[in-house]
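This is what each chain is made of:
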Amino acid sequence: MPVRPLLRTASCAALLLLGAAAAVPSAAAAPSAPAEYVTVDPEGRIAADGTVTLTGTYRCTAGTGRVYVSSSVNQSTPNVSYGIGGSVAVCDGAEHRWQNSGKAPKDALKAGPAKVEATLLELRGSGILIIPVPHAAGHHDVTLVEG
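Attention in this report is confined to the structure presented alongside it. (Residues numbered from 1 in each chain as written. Predicted model: local features only at pLDDT ≥ 70, side-chain atom pairs only at ≥ 80, totals over all residues. Heavy atoms only, no water.)

**Describing the layout of surface pockets**
For step 1, the next point in the chain: Space inside the largest pocket adds up to approximately 230 Å³.
For step 2, the next point in the chain: Lining the largest pocket are 16 residues; nearest its centre among them are I46, A47, A48, G50 and L109.
For step 3, the next point in the chain: For the lining of the largest pocket, a count of residues per class yields 8 nonpolar, 2 polar and 6 charged. (1 Å grid on protein atoms, 1.4 Å probe; cavity = no way out; pocket = protein on both sides within 12 Å on 5 of 7 lines; lining within 4 Å. Points joined across faces, edges and corners; volume = space filled by probe spheres on them. Nonpolar A, V, L, I, M, F, W, Y, C, P; charged D, E, K, R; others polar.)

In C-alpha cells, the structure reads:
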C-alpha cells in the first residue's frame with residue numbers, strides 16, 4: 001500500500017480532531033450573559049373585559065433609533081397571534097422591566113396556558129425610510145390568570 005495516501009488520510013483526521021477540540025469551549029470558562037435579551041414573566045393577567053397584561057424584563061445596548069418592547073399572545077389557534085401593546089425601551093445596557101396591555105377580539109383569549117412572543121425592535125431611520133431592526137426576541141409559555 002502506498003504511504004502518501006495513508007499519510008494524507010492521517011493528516012486530515014488529525015486536523016479534524018484538532019479543529020473539533022478547538023471548537024469545544026473549556027469547562028472552566030464561565031458562560032457570558034447575552035448582551036441583549038427580552039423575557040416574559042410566567043404569569044400574565046386577563047381582565048373580565050378581555051384586557052391582557054404581560055410583563056417581563058429586557059436589556060439592550062444603545063440603538064440609533066427608538067426601541068420598543070412589543071408582545072403578542074396566542075392560545076388555541078397556533079397560527080393566530082394577538083398584539084398586546086408596546087412600550088418604549090431604554091437601551092443603556094441595564095436590565096429594565098416592561099409591561100404591555102391590550103385587548104384581543106371578544107372571547108379570543110381566556111384564562112389558561114398561552115404562548116407569548118416578546119420582541120425588542122428598533123425603528124431606525126434611513127433616508128425617508130424607517131427600517132425595523134430586531135435587537136432580541138423570545139418565545140415563552142405563560143399562564144393567563146383572571147384578575
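Having seen the model, we can carry on.
**Some details on the environment of Y37**
For step 1, the next point in the chain: Here Y37 shows up in strand 1 (residues 37-38).
For step 2, the next point in the chain: In sequence terms Y37 and L120 are 83 residues apart; their C-alpha atoms lie 7.9 Å from each other.
For step 3, the next point in the chain: If we skip the residues at most four places from it in the chain, Y37 touches T57, Y58, R59, E95, L120 and A136.
For step 4, the next point in the chain: Among the polar contacts made by the side chain of Y37, one reaches the side chain of E95 at a distance of 2.4 Å. (Helix = DSSP H or I, 4+ residues; strand = E, 2+ residues; numbered from the N terminus. Contact = heavy atoms within 4.5 Å. Polar contact = N/O pair within 3.5 Å; in protein donor to acceptor, adjacent residues only side chain to side chain.)

**Observations concerning the nonpolar core**
For step 1, the next point in the chain: Judged by nonpolar contacts, the single largest core of 23 residues is most densely connected at V38, V52, L54, Y58, V69, W98 and L120.
For step 2, the next point in the chain: The greatest single-element share of this core, amounting to 4 residues, is contributed by strand 7 (residues 112-126).
For step 3, the next point in the chain: When sequence neighbours within four positions are dropped, the list of residues in contact with V38 reads T57, Y58, V69, W98, A118, T119, L120, A136, A137, G138 and H140. (Core = buried A, V, L, I, M, F, W, Y, C linked by side-chain atoms within 4.5 Å. Buried < 20%, exposed > 50% of the residue type's maximum accessible area, 1.4 Å probe, protein only.)

**Some remarks on the environment of Y68**
For step 1, the next point in the chain: Note on placement: Y68 falls in strand 4 (residues 66-74).
For step 2, the next point in the chain: For the pair Y68 and G86, spaced 18 residues apart in sequence, the C-alpha to C-alpha distance is 6.5 Å.
For step 3, the next point in the chain: Excluding anything up to four places from it in sequence, Y68 contacts S87, V88, A89, T119, L120, L121 and L123.

**Points about the pattern of salt bridges**
For step 1, the next point in the chain: A full pass over the atoms with the stated rule returns 5 salt bridges.
For step 2, the next point in the chain: The partner of R97 in a salt bridge is D41, with the nearest N and O atoms 2.6 Å apart. Placement of the pair is R97 in strand 6 (residues 96-103) and D41 in the loop between strand 1 and strand 2 (43-46), with a sequence separation of 56 residues.
For step 3, the next point in the chain: R45 serves as the salt-bridge partner of E43, at 3.4 Å between the closest nitrogen and oxygen.
For step 4, the next point in the chain: Assessed through its relative accessible area of 42%, E43 is described here as partly exposed. (Salt bridge = Lys/Arg side-chain N within 4 Å of Asp/Glu carboxyl O.)

**Side note on the state of the cysteines**
For step 1, the next point in the chain: Throughout the structure, instances matching the rule amount to 1 disulfide.
For step 2, the next point in the chain: Covalently, C60 is tied to C91 through a disulfide, its sulfur atoms 1.9 Å apart. Negative torsions about the S-S bond denote left-handed disulfides, and the value of about -90° found for C60 with C91 makes this one left-handed. Taken together, the residues C60 in the loop between strand 3 (51-59) and strand 4 and C91 in the loop between strand 5 (82-88) and strand 6 connect sequence positions 31 residues apart.
For step 3, the next point in the chain: Taking relative accessible area as the criterion, C91 reaches 16% and is therefore assigned buried. (Disulfide = S-S within 2.5 Å.)

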